[in-house]
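Coordinate inspection notes
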Amino acid sequence: MKLKQQLKTPTSSQLNSHSNLIIVLPKEQIKSKWPVFPHSNTIMERLNRAGKKCTASPFSTDLPNKIGTHATIVCIKKDISSFELLTLCRKAAGEQLKQNPREIALYMPGMEAEPAIRTAEAMLATLLAACYEMPSYKSKKSKPLKLNSLVIYNLPEEQDFDQTFAEAEGNNLARYLTALPPNDLTPALYRKRITTLAKEYGWKMDFLDMKALRKKKAGAFVAVAQGSPVDDAGIVHLRYKPRSKSKLKKLALVGKGICFDTGGMNLKPAQYMHGMHEDMEGSAVALGTLIALTELEVNFEIDCWLALAQNHIGPKAYKQNDVVTACNGTSIEIIHTDAEGRMVLADTLAIATKDKPDLLMDYATLTGSCVGALGTIYSGAFTNKNEFINDIIDAGRDSGERVWPFPLDEDYDKDLESTIADIKQCTLTSGPDHIHAARFLQRFVNKTPWVHVDLSAGNNKGGLAHIATDTTAFGVRFSLDFILNKKQWE
Ligand code: BES
Ligand code: ZN
Ligand code: ZN
């Protein structure tokens, strides 16, 4: 999709030439004086007649000009949160996209510079997500969207939206991969796709297969993966190196890539198993974040580690009371085979921290209890660096991908004490499992500065913020904001 930035206020003939138009008005101003712009009186009258305020939901009307411009009107307050702004953009874009236009124009009469730039960015992010085609296996294909350009009027100056384009590219790919059915995204097929991406983006790629992982004594990963009928699990390692040699810091990204989670021996009931092809979303978000940072040609090194496996039933599957040892020597008593995410991540984190990254971020659809605590409109965050907490909250707030931190105090470990091993994998009683899981993972990162994102917002019915699909690939925007704009870790 092309972006055309028109810095001037449009003439009325320019405006009337657009078949599809989104008008964003400043709420504070329209209260005192309705701004004057082409068709402003008609719009005001129609809005009043319909009894609409256009703040919570957009108002659409066809303008009385030659081509009957389909206009959608939105009012925003100056300090609108990023989440609300993105949500309004999704709704407004939805109204327009029903007509499947080739071009949409965005006009913001009377808007101050800062909210105008934020609105333009949010609308661009929304449309880049909306135009991306998600996997479909329907024999009758739905018509693809034709939208190929967005015209933005009256921005104060030419804007660089590179980060928005890069984030959309990462998010789109992550959503696509996450939505693929599990028979088309087995660990082997997933790795094949990653190989293609590695060539495209110029990453070095290595793969630790089951043999290599056994050799490394990665018993926690192997315990989960050994239940699969095929031997295709393993850890993908991708490396991004900046063009210019830099002495800057090193980032590590880690993702849970369970291509299907049956629950294992402790089999999930159908209602809970349905959707578990999305249990690889953490790895897709790590990959999407790597894509976005690569596109932006960031000047620090990135190592990305993806734990690809399935959690299966079968004669070789691990079971309750098994004791396994991870590659850092920690022995783990198995309590519930459905807590497989923390098992594969344990070894992956231990391996990722060997390279001494300056910041390690991991993503995982790890616990149902995080969904219980936050619902599916926020994701949970955990860190072993208390000084990161404000930046984490702010990055969530600024990006519109909202996260909230949970405590990670040592005394939560009491619940994970085992009589036979160093640690229990989880508990059998319902408690703060998202915190237990994070405490469990914390043992494998030691002192490495670490942010763990439990992706409770990975799937939200009806979409979330600017994303219109249930699968959100939540985390790419949050991560870029945290990594690039909040400089604590550097
Ligand atoms: N992948 C699930 C958690 C999950 C489910 C995340 C649905 C998001 C949406 C994870 O592997 C799991 O099954 N966890 C168990 C842990 C329990 C057995 C300690 C859970 O949450 O029930
Ligand atoms: Zn599970
Ligand atoms: Zn899982």
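Residues numbered from 1 in each chain as written. Chains lettered and ligands numbered in written order. Predicted model: local features only at pLDDT ≥ 70, side-chain atom pairs only at ≥ 80, totals over all residues. Heavy atoms only, no water.

When the domains of the protein are assigned, the result is domain 1 (2-158) and domain 2 (164-486). Taken residue by residue, the interface counts 17 residues in domain 1 and 27 residues in domain 2. For the domain 1 and domain 2 pair, buried surface summed over both sides reaches about 1900 Å², with 67% attributable to carbon and sulfur atoms. Three residues stand out in domain 1 for area buried against domain 2, namely Phe83, Arg90 and Met134, and they jointly supply 31% of the buried area on that side. (Domains from an automatic or database assignment. Contact = heavy atoms within 4.5 Å. Buried area = accessible area lost by both parts, 1.4 Å probe.)

We now examine the coordination of the zinc ion (ligand 3). In the first shell of the zinc ion (ligand 3), the protein supplies Lys256 (NZ), Asp261 (OD), Asp279 (OD) and Glu340 (OE), at 2.0 to 2.4 Å from the metal. Geometry at the zinc ion (ligand 3) is octahedral, judged from the six donor atoms that bind it and their angles of 77 to 174° at the metal. Spacing between the donor residues of the zinc ion (ligand 3) along the chain follows K-x4-D-x17-D-x60-E. Distance-wise, the zinc ion (ligand 2) is placed 3.2 Å from the zinc ion (ligand 3), both being coordinated by Asp261. Taken together, the residues Asp279 in the loop between helix H10 (270-273) and helix H11 (281-295) and Glu340 in helix H12 (residues 340-353) connect sequence positions 61 residues apart. Here Asp279 matches Glu340 in class, with each residue buried. (Donors = N, O, S within 2.8 Å, 3.2 Å for Na, K, Ca; no water. Tetrahedral: all angles 85-135°; square planar, octahedral: opposite > 155°, others 65-115°. Helix = DSSP H or I, 4+ residues; strand = E, 2+ residues; numbered from the N terminus. Buried < 20%, exposed > 50% of the residue type's maximum accessible area, 1.4 Å probe, protein only.)

Right, let's get into the sheet that holds strand E16 (residues 423-424). Strand order in the open sheet formed by three strands is E11-E12-E16, with mixed pairing between adjacent strands. Sheet topology places strand E11 (323-325) and E16 at the edges, where each strand pairs with a single neighbour. When strand E12 (residues 331-333) meets E16, the two strands line up parallel, connected through two bridges. Bridge assignment links Ile332 to a residue of E16, and that residue is Ile423. (Pairing = 2+ DSSP bridges.)

This part takes up the pairing of strand E13 (residues 359-364). When you tally the buried positions in E13, you get six out of six residues, the bulk of the element. Here E13 shows a buried face lined by Leu359, Met361 and Tyr363 and a second buried face lined by Leu360, Asp362 and Ala364. As judged from the five bridges shared by strand E9 (residues 250-261) and E13, these two strands associate in the parallel manner. By the bridge assignment for E13, Val254 is matched with Asp362. Note that E13 and strand E17 (residues 450-454) share five bridges and pair parallel. Counterpart to Asp362 in the pairing with E17 is His452.

Moving on, we come to the environment of Pro315. By secondary structure assignment, the location of Pro315 is in the loop between strand E10 (301-311) and E11. The spatial distance from the C-alpha of Pro315 to the C-alpha of Met265 is 9.5 Å, given a sequence separation of 50 residues.

Once that is clear, we can look at the coordination of the zinc ion (ligand 2). For the zinc ion (ligand 2), the full set of protein donor atoms is Asp261 (OD), Asp338 (O), Asp338 (OD) and Glu340 (OE), at a range of 2.0 to 2.2 Å. If you look at the zinc ion (ligand 2), its six donor atoms make angles of 73 to 169° with each other, and the shape they trace is irregular. Spacing between the donor residues of the zinc ion (ligand 2) along the chain follows D-x76-D-x1-E.

Let's shift gears to helix H3 (residues 40-50). Every buried residue of H3 is listed here: Ser40, Ile43 and Leu47. With its buried residues spanning 65° around the axis, H3 presents them on a single face. Among the exposed residues of H3, those pointing more than 90 degrees away from its buried face are Asn48 and Arg49. In this fold, the buried residues of H3 make contact with strand E2 (20-26), strand E3 (59-62) and strand E4 (70-76). Count one or two residues on from H3 and you reach Gly51, which has phi positive near 65°. (Arc of directions from axis to C-beta.)

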